[in-house]
Amino acid sequence: MTTATSPSTLDAERRELLAALASARSALTTTVRGLSDEQLGERPTVSALCLGGLIKHVASMEEGWMRFVVEGPSAMNHDLPDGVTWADLAAGTAREIPQWMIDHQNDFRMLPGDTPAAILARYEAVAARTEEIVAAVADLSATHPLPEAPWHEPGGTRSVRAVLMHVIAETAQHAGHADILRETLDGQTST
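A brief look at the structure comes next. (Residues numbered from 1 in each chain as written. Predicted model: local features only at pLDDT ≥ 70, side-chain atom pairs only at ≥ 80, totals over all residues. Heavy atoms only, no water.)

Describing the environment of His 78
Here is step 1 of the chain: Note that His 78 resides in the loop between α3 (51–71) and α4 (86–91).
Here is step 2 of the chain: Looking at His 78, the relative accessible area reads 17%, which means it is buried.
Here is step 3 of the chain: For His 78 and Ala 149, which are 71 residues apart along the polypeptide, the C-alpha to C-alpha distance reads 6.9 Å.
Here is step 4 of the chain: When near neighbours in sequence (up to four residues on either side) are disregarded, His 78 contacts Trp 86, Trp 100, Pro 147, Glu 148, Ala 149 and Trp 151. (Helix = DSSP H or I, 4+ residues; strand = E, 2+ residues; numbered from the N terminus. Buried < 20%, exposed > 50% of the residue type's maximum accessible area, 1.4 Å probe, protein only. Contact = heavy atoms within 4.5 Å.)

Quick look at the structure:
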């Protein structure tokens, strides 16, 4: 991953947060070095996780949270189709699945046309955009209300700083998943 923002133009906290995120990204992307398109889509464990899907998911997650930083809760659309409730979705009885949920599920899969180069290029573009946003935001303590969703605390808010810490944690967590998948595939690890 490359750095789009000059570290010297950022305050210490922003530099440290972006460095931690870059480190977590590197741990994730290192796991796919030398793999074929097919290997990126393999699911070597009992879960449905594949390496390409993990990178796609983390890129989408980071992109979504950065939209939240810029636009607020409207950037995270969790609208349900008419007549569908969260309970229906949880029970598996919803008559219609919202498109955002289908897109989320597809982020975990290698789809026809997905290639390692394209997935990594998209992730690099997302990383560059994150650095631009973090450099431009006036105050890391600025908050937005979280959108209504069962996984968010009702009435909760999230600051830019908390968003960055969440993105770092999720990226690092998925880097660990990726390391396990890679080791299961061919015995290699990213460390």
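Additional details are given in the paragraphs that follow.
A closer look at the packing of α3 against helix α5 (residues 99–107)
Here is step 1 of the chain: Viewed as axis vectors pointing N to C, α3 and α5 meet at an angle of 135°, and their least axial separation amounts to 7 Å. By the angle class used here, α3 and α5 are oblique. Every residue of α5 that contacts α3 at Gly 53, Lys 56, His 57 and Ser 60 is listed here: His 104, Asn 106 and Asp 107.
Here is step 2 of the chain: Here the residues of the contact of α3 with α5 are counted per class, giving no nonpolar, 5 polar and 2 charged. (Axes fitted to C-alpha atoms, helices over the stretch in contact; angles between N-to-C directions. Parallel < 35°, antiparallel > 145°, perpendicular 65-115°, else oblique. Nonpolar A, V, L, I, M, F, W, Y, C, P; charged D, E, K, R; others polar.)

Quick notes on the packing of aromatic side chains
Here is step 1 of the chain: Evaluated as defined, the whole model comprises 4 aromatic pairs.
Here is step 2 of the chain: Considering the side-chain rings of Trp 65 and Phe 68, the 5.3 Å spacing of their centres and the 80° angle between planes classify their relative orientation as edge-to-face. Of this pair, Trp 65 and Phe 68 are both found in helix α3, 3 residues apart, which corresponds to roughly one turn of the helix.
Here is step 3 of the chain: Summarising the aromatic geometry, the rings of Trp 86 and Trp 151 are spaced 5.4 Å apart at their centres and angled 85° between planes, so their arrangement reads as edge-to-face. A residue pair is termed long-range when its members are at least 10 positions apart, and Trp 86 in helix α4 and Trp 151 in the loop between β1 (143–145) and β2 (157–159) qualify at 65 residues. (Phe/Tyr/Trp six-rings, centres within 6.5 Å; stacked < 30°, edge-to-face > 60°.)

Some details on the nonpolar core
Here is step 1 of the chain: One finds Leu 28, Leu 51, Trp 65, Val 69, Val 163 and Leu 164 to be the most contacted residues of the largest nonpolar core, which totals 36 residues.
Here is step 2 of the chain: When contributions to this core are tallied by element, the ones reaching two or more residues are α1 (12–30), α3, α6 (116–136) and α7 (160–186).
Here is step 3 of the chain: The element contributing the most residues to this core is α3, with 10 residues.
Here is step 4 of the chain: When neighbours within four sequence positions are excluded, Leu 164 is seen to be in contact with Leu 17, Met 66, Val 134 and Leu 140.
Here is step 5 of the chain: Grouped together as the second largest cluster of nonpolar side chains are 5 residues, Val 84, Leu 89, Trp 100 and Met 101 included. (Core = buried A, V, L, I, M, F, W, Y, C linked by side-chain atoms within 4.5 Å.)

These figures capture arrangement, not role.
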